[in-house]
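Secondary and tertiary structure notes
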Amino acid sequence: MRILTLAAICGMLATPAAFADTTLDLVGPISDYKLYVSDKTDDLVGATEEFVAAVKGGDVEKAKELFAPTRQHYEAIEPIAELFSDLDVSIDSRADDYEQAEADPAFPGFHRIEYGLWEQNSTEGLEPVADKLLADVKELQGRIEGLTFPPEVVVGGAAALMDEVAATKISGEEDRYSHTDLWDFRANFDGARKIVELVRPLVTDEAFLTKVDGNFATIDTTLDKYKEGDGYVTYDKLTEDDRVALSAAVNALAEDLSTLRAQLGLG
Amino acid sequence: MADRNPMSRGTAILALSAATFLVVAGGLALWLATRHAGEPVTEGAIRVTVNDRTCDPADLTVPAGQPTFLIHNGSNRTLEWEILDGVMVVAERENIVPGLDTTLSPRLKPGTYEITCGLLTNPRGTLTVTATAESEAARVKPELREFIGPLSEYRVYLSRRSSELVETTEALHDRIAAGDLEGAKEAWLAARQPWSQMAPIWPRIGDLTQRMDPLAAYLEQREEDPAFTGFHRIEYGLWEKGSTEGLQPLAQTLATDAETLKQRIREMQVAPEELAANASALAGRVADQLQGDHVSYAGADLAEYAADLDGAAKSALLIDPLVKDADAKVSEGLNAALTDARAALDGLKQGEAFPSWADLAEADRQKIGDAFRKVADAAAAYNPAIGLE
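Quantities reported herein were computed from a predicted structural model and do not represent experimental measurements. (Residues numbered from 1 in each chain as written. Chains lettered and ligands numbered in written order. Predicted model: local features only at pLDDT ≥ 70, side-chain atom pairs only at ≥ 80, totals over all residues. Heavy atoms only, no water.)

Quick word on the overall build of chain A
Tallying secondary structure elements over chain A gives twelve helices and two strands in all. Summarising its shape, the C-alpha atoms of chain A cover approximately 80 × 40 × 35 Å along the three principal directions. Burial status across chain A gives 58% buried among its 267 residues. Relative to all contacts within chain A whose residues are 6 or more apart in sequence, the contacts with residues 24 or more apart total 75%. Of the roughly 10600 Å² that chain A leaves accessible, carbon and sulfur atoms contribute 55%. Computed over 24 positive and 53 negative side-chain charges, the separation of the two mean positions in chain A equals 2 Å. (Helix = DSSP H or I, 4+ residues; strand = E, 2+ residues; numbered from the N terminus. Buried < 20%, exposed > 50% of the residue type's maximum accessible area, 1.4 Å probe, protein only. Contact = heavy atoms within 4.5 Å. Areas by Shrake-Rupley, 256 points an atom, 1.4 Å probe, with all protein chains shown as cover. Lys, Arg positive; Asp, Glu negative; His and termini not counted. Charge placed at Lys NZ, Arg CZ, Asp CG, Glu CD.)

Pasting the structure below:
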């Protein structure tokens, strides 16, 4: 009896009432994040319509021009791509994921079109790929609308994306034919930062925030050097020093942001 | 797109960059891999080896909770390992270098999941998560964090409806200011839709509903009462008097109140138990109204009840996945009641439109009232099913 009582008290201490109160404080940030994603997805559908029209119209130059800005709307919501992994594959997978790489008839989406536009300098054969891409982003729009966002995926999404940038994207693998990676990076950082900004009022560790802000600032400064017009120069223009600076900042962000879930009681 | 196979990207990287960078990238990949691999491997971790074509074992069974998986990359490509629930990635570990181990400790609820095994084209394995005493307890009384998602969705819903209310009440004001009677009537009907869809939370904004939606029947001097303002006062002017005259200041106040409401919703915190309780209470209010003496100038009551039903369904069904898990019969009860109520309303439609309230037979009023009563009762069973007060 005594042991049971003690266990009950320990149990109560493990989940103090104060925690129960703050748990639902995430409702504001998560709902605002959904509104953000919903806006971005609407923008993605609009931009993809134009992009697809250029591809289907055989206008290689226009399609090349629209490729990177169109993708940015998708890259901004990539922190939660885990919620629609099938569409992520059909919209944004790379040739490596297919047995016969670029020659594989199953290779779909943005990167298949990118390959055609830059490597083959042609829109030939891209029509069905373009139609499928548009159908996929519309399907995504509908799905986002009906999807309840799991808070742990949203909060964990910032770290997951930074991890991916640090581990692979930083090599320039994503936009390997067009080298428009810096556009993607900009959108990835904006998308991850949006999550941090929304949960900021709930984070009590000031040192953590200072460090995260510092690394985002380093990224901003580095990317800003490569601005050109409304976008960025090609990824091969990035100096070795800047690549290292970017890499260090992204790695630090991946590491720091991976603690965010636990900080917000979503461990 | 998650990186599924970075090692075969050598050519792309080479084409892009100097060889020195390969060293940096390689070191980085190794560092990342060891960072994960460096986590302590607990006793009793579930071992999974991913080979070139399959997972070994390909089928796993674990108890619910937070098990630790020890994933060994036995293939010759860098890979990622994912646990999938349908199209949703429940947990993943990226960039596992050939020959290395990594661990993953996801929170898993009972159910059947898939696991990825290397290339996208490789067959997936299965992961069966079995119930435990603890998971059974959480099933009938979900943790508070389980309500963050549903409550966020509801906040999104209210936010959108309140934006629509702002737009439609502004349009109503514009039509009235322009003296456009038919346009104003149409705008009024349009504005009633988002307003009615938010009906479950009206009790939370009593001061605003008092100005925006009072009924003449409850005021001392009825239509002549100075407190008769808002929607129904405008409705009275447009339909009973057939004029926009004198309505402009009323429409202005209504639009301003809609703005205030929108702001209020941003600040409003809805508690988990309110989702079903508010829906039940609303359905009950509608059922009561249908029995009572009912004055309607526009006669558009059925369209509003349909919007009420949408609002109630949205609110209560947000916790339906939790209720379904806890007690499928309770979930079926509300879903069936909602389907019946919708069918009862739709059955009255003449073409695309609802008939006017005045033309509705007493028996039909009764039928709709009964249908809403059943929705109220079925929604009232939701909170007890998941341990909410």
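Okay, back to it.
A look at the packing of helix α12 (residues 328-346) of chain B against helix α13 (residues 362-380) of chain B
Residue and element names in this part refer to chain B. Contact geometry of α12 with α13 gives a least axis separation of 9 Å together with a crossing angle of 160°. In terms of orientation, α12 and α13 fall into the roughly antiparallel class. Relative to α13, the crossing made by α12 is left-handed. Contacts from G333, L334, A337, L338, A341, A344 and L345 of α12 reach α13 at I368, A371, F372, K374, V375, A378 and A379. Of the residues belonging to the contact of α12 with α13, the class tally is twelve nonpolar, one polar and one charged. (Axes fitted to C-alpha atoms, helices over the stretch in contact; angles between N-to-C directions. Parallel < 35°, antiparallel > 145°, perpendicular 65-115°, else oblique. Left-handed = near helix turned anticlockwise from the far one by under 90°. Nonpolar A, V, L, I, M, F, W, Y, C, P; charged D, E, K, R; others polar.)

Here's the deal with the packing of aromatic side chains
How two aromatic rings sit relative to each other is set out by the distance from centre to centre and by the angle between their planes. Inspection of every chain in the model, using the stated rule, returns 21 aromatic pairs over all chains. Consider the rings of W195 of chain B and F231 of chain B, whose centres lie 5.7 Å apart with planes at 45°: the pair is tilted. Of the two residues, W195 of chain B is situated in helix α5 (residues 181-197) and F231 of chain B in helix α7 (residues 230-240); the sequence distance between them amounts to 36 residues. Taken together, the aromatic side chains of W188, W195, W202, F231 and W239 of chain B make up a single cluster linked through ring pairs. One cation-aromatic arrangement involves R243 of chain A over Y235 of chain A; the distance from NZ or CZ to the ring centre is 5.2 Å. Directly above the aromatic system of F231 of chain B lies the positively charged group of R192 of chain B, at a separation of 4.8 Å from the ring centroid. (Phe/Tyr/Trp six-rings, centres within 6.5 Å; stacked < 30°, edge-to-face > 60°. Lys NZ or Arg CZ within 6 Å of the ring centre and 35° of its normal.)

With respect to helix α6 (residues 109-119) of chain A
All names here are of chain A. Counting buried residues along α6, nine of its eleven residues qualify, which places the element largely inside the surrounding structure. Close packing links the buried residues of α6 with α3 (27-56), α4 (60-75), α5 (85-92) and α7 (127-146). Just downstream of α6, N121 is the residue with a positive phi angle, here 50°.

Topic: the pairing of strand β8 (residues 111-115) of chain B
All names here are of chain B. As paired strands, strand β5 (residues 79-85) and β8 are joined by two bridges and run antiparallel to one another. Looking across to β8, one finds that I83 is bridged to I115. Relative to strand β9 (residues 125-130), β8 is paired through five bridges, and the arrangement is antiparallel. Note that in β9 the partner of G111 across the bridge is V129. (Pairing = 2+ DSSP bridges.)

Comments concerning the confidence of the model for chain B
Residues and elements named next belong to chain B. Overall, the prediction assigns chain B a mean pLDDT of 89, with 89% of residues at 70 or greater. Low pLDDT, under 50, characterises residues 2-39; the stretch is placed with 76 contacts to residues that sit more than four places away or in other chains. At the level of chain-chain contacts, confidence expressed as ipTM amounts to 0.88, with global pTM at 0.88. (pLDDT = per-residue confidence, 0-100.)

Considerations on the sheet that holds strand β2 (residues 55-56) of chain B
Residues and elements named next belong to chain B. If you trace the four strands from one edge of the open sheet to the other, you get β2-β1-β4-β7, paired in mixed fashion. The open sheet has two edge strands with one neighbour each: β2 and β7 (101-104). Both strand β4 (residues 69-73) and β7 contribute to a ladder of four bridges, which runs antiparallel. Note that in β7 the partner of L70 across the bridge is T103.

Description of the environment of I144 of chain A
Residues and elements named next belong to chain A. When you line up the elements, I144 lands in helix α7. The class for I144 is buried, based on a relative accessible area of 1%. For the pair I144 and A159, spaced 15 residues apart in the sequence, the C-alpha separation amounts to 21 Å. If sequence neighbours within four positions are ignored, I144 has contacts with K34, V37, S38, T41, I80, F84 and F149.

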